[in-house]
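Observations on the three-dimensional arrangement
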There are 2 protein chains.
Amino acid sequence: MSTGSALLAELIEALRCLPGVGAKSAQRMAFHVLERDRAGARRLAERLGAAVERIGNCRRCRGFSETEICSLCANSGRDASLLCVVESPVDQAAVEVATGFRGHYFVLLGRLSPLDGLGPRELGLDLLAERLREGEVKELIVATNPTVEGEATAHLLSQLAREAGVRATRLAHGVPLGGELEFIDRGTLAHAFGSRQTLT
Amino acid sequence: MSTGSALLAELIEALRCLPGVGAKSAQRMAFHVLERDRAGARRLAERLGAAVERIGNCRRCRGFSETEICSLCANSGRDASLLCVVESPVDQAAVEVATGFRGHYFVLLGRLSPLDGLGPRELGLDLLAERLREGEVKELIVATNPTVEGEATAHLLSQLAREAGVRATRLAHGVPLGGELEFIDRGTLAHAFGSRQTLT
Ligand SMILES: [Zn+2]
Ligand SMILES: [Zn+2]
């Protein structure tokens, strides 16, 4: 321990759960908040605790939510005929921020990956099929990542849409092969979203 | 809000109290811990809350401590004849990690800066003078930063030492001018510490 406080050493260690935070930046963060922003740190502690305890998954779209139905699903101002399927909540947020899309989402919480035990059931495809059978969705926008597993997932989703008589579209080329939606600049993502193609 | 969770949006905003964390990395951190490390996030929330509520300043050295006397001051195995004066707790930690110093510390919690209202009283120099009068300290190692204000502070500290009949030393050249101790690599800091000079 490099200071006279055991609590400080524990805080520095705990900060390393954050992605991209090594020993040195964890130390700087701890000293910074203790010396200069205790109010901010107190707020962060509270919100982090609340988020971890209360945020679960929306029963309708599987996205993050602290209520049974998330605020996006509950928003009657959004277009219920458009359903955008993404792999993860972070992809959902990326599409929402970049594209001006005002339909609904469905979050797979993964991608087809039999070796990792991720099959149709784990991805909630039964819930999705049921949603498509409700009849409100006219277009299923498949926004899985352009990776091998993401493409396999897209293929399965297009089958599901076909069975339900729903048109399936895929983000246009423009998304770099092998890339992750989360790291694509807004302009590219918005363009790809706008030029989405019907899946064959 | 780019997800269906208000708590998540609040968490992302709160994460920005951490130095070097912008909108994009705050979002990545929030998604990461919620998706992959809730146990780590819970521990961080607890430790951050505890640190903010319980860490104050040691009555003897003014360094961070959750007890009246910090564990470094309370450690009878350290050499009470050596007292190293630093500007901030982060500098104290830097010296402790880099140099193998096994004496005691005194933390100014600032540097002489009349325009900011930081004078001898704010830097705890009355407490330091009292400490020097106790007679145990034989060498006062002045490790203020090599900035204009740090040098002015060093000058005042050497006067204080002279009045108390204690030898004052200063870190050797090797510390880059205008640099901050906190950002100096360990090797340089260890060398400068080892070659410290008697203040004239
Ligand atoms: Zn939802
Ligand atoms: Zn102490």
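Before going into details, it helps to say that this report is about the structure given with it. The model shown is predicted, which means the values in this text are computed figures rather than measured ones.

1. Comments concerning the overall build of chain A
Within chain A, the regular secondary structure consists of eight helices and seven strands. Judged by the C-alpha coordinates and their principal axes, chain A covers about 65 × 35 × 35 Å. Here chain A, with 200 residues, has 52% of them falling under the buried criterion. The contacts in chain A between residues at least 6 apart in sequence include a share of 58% that link residues at least 24 apart. Split by element, the accessible area of chain A, about 9,000 Å² in all, is 51% carbon and sulfur.

2. Here we look at the sheet that holds strand S3 (residues 82-86) of chain B
Residue and element names in this part refer to chain B. Across the sheet, five strands lie side by side as S4-S3-S5-S6-S7; this open sheet has mixed pairing. At either end of the open sheet lies a strand with only one pairing partner, and these are strand S4 (104-107) and strand S7 (197-198). Strand direction decides the pairing type here: strand S6 (residues 167-170) and S7, joined by two bridges, are antiparallel. When the bridges of S7 are listed, Arg 170 appears paired with Gln 197. Strands in contact with helix H4 (residues 89-99) are S3 and S4; relative to S4, the strand with the most contacts, it is inclined by about 160°. Against the sheet, helix H6 (residues 148-164) makes contact with S3, strand S5 (139-142) and S6, and its axis sits at roughly 160° relative to S6, the strand it touches most.

3. Thoughts on the coordination of the zinc ion (ligand 2)
Residue and element names in this part refer to chain B. The coordination sphere of the zinc ion (ligand 2) contains the protein donors Cys 58 (SG), Cys 61 (SG), Cys 70 (SG) and Cys 73 (SG), at a distance range of 2.3 Å. Coordination at the zinc ion (ligand 2) comes from four donor atoms whose angles at the metal span 105 to 117°, giving a geometry best classed as tetrahedral. Mapped onto the sequence, the donors of the zinc ion (ligand 2) take the spacing C-x2-C-x8-C-x2-C. With Cys 58 in the loop between strand S1 (56-57) and strand S2 (64-65) and Cys 70 in the loop between S2 and S3, this pair connects stretches of sequence that are 12 residues apart. Judged by its relative accessible area of 2%, Cys 70 is buried.

Scoring rules and cut-offs
Residues numbered from 1 in each chain as written. Chains lettered and ligands numbered in written order. Predicted model: local features only at pLDDT ≥ 70, side-chain atom pairs only at ≥ 80, totals over all residues. Heavy atoms only, no water. Helix = DSSP H or I, 4+ residues; strand = E, 2+ residues; numbered from the N terminus. Buried < 20%, exposed > 50% of the residue type's maximum accessible area, 1.4 Å probe, protein only. Contact = heavy atoms within 4.5 Å. Areas by Shrake-Rupley, 256 points an atom, 1.4 Å probe, with all protein chains shown as cover. Pairing = 2+ DSSP bridges. Axes fitted to C-alpha atoms, helices over the stretch in contact; angles between N-to-C directions. Donors = N, O, S within 2.8 Å, 3.2 Å for Na, K, Ca; no water. Tetrahedral: all angles 85-135°; square planar, octahedral: opposite > 155°, others 65-115°.

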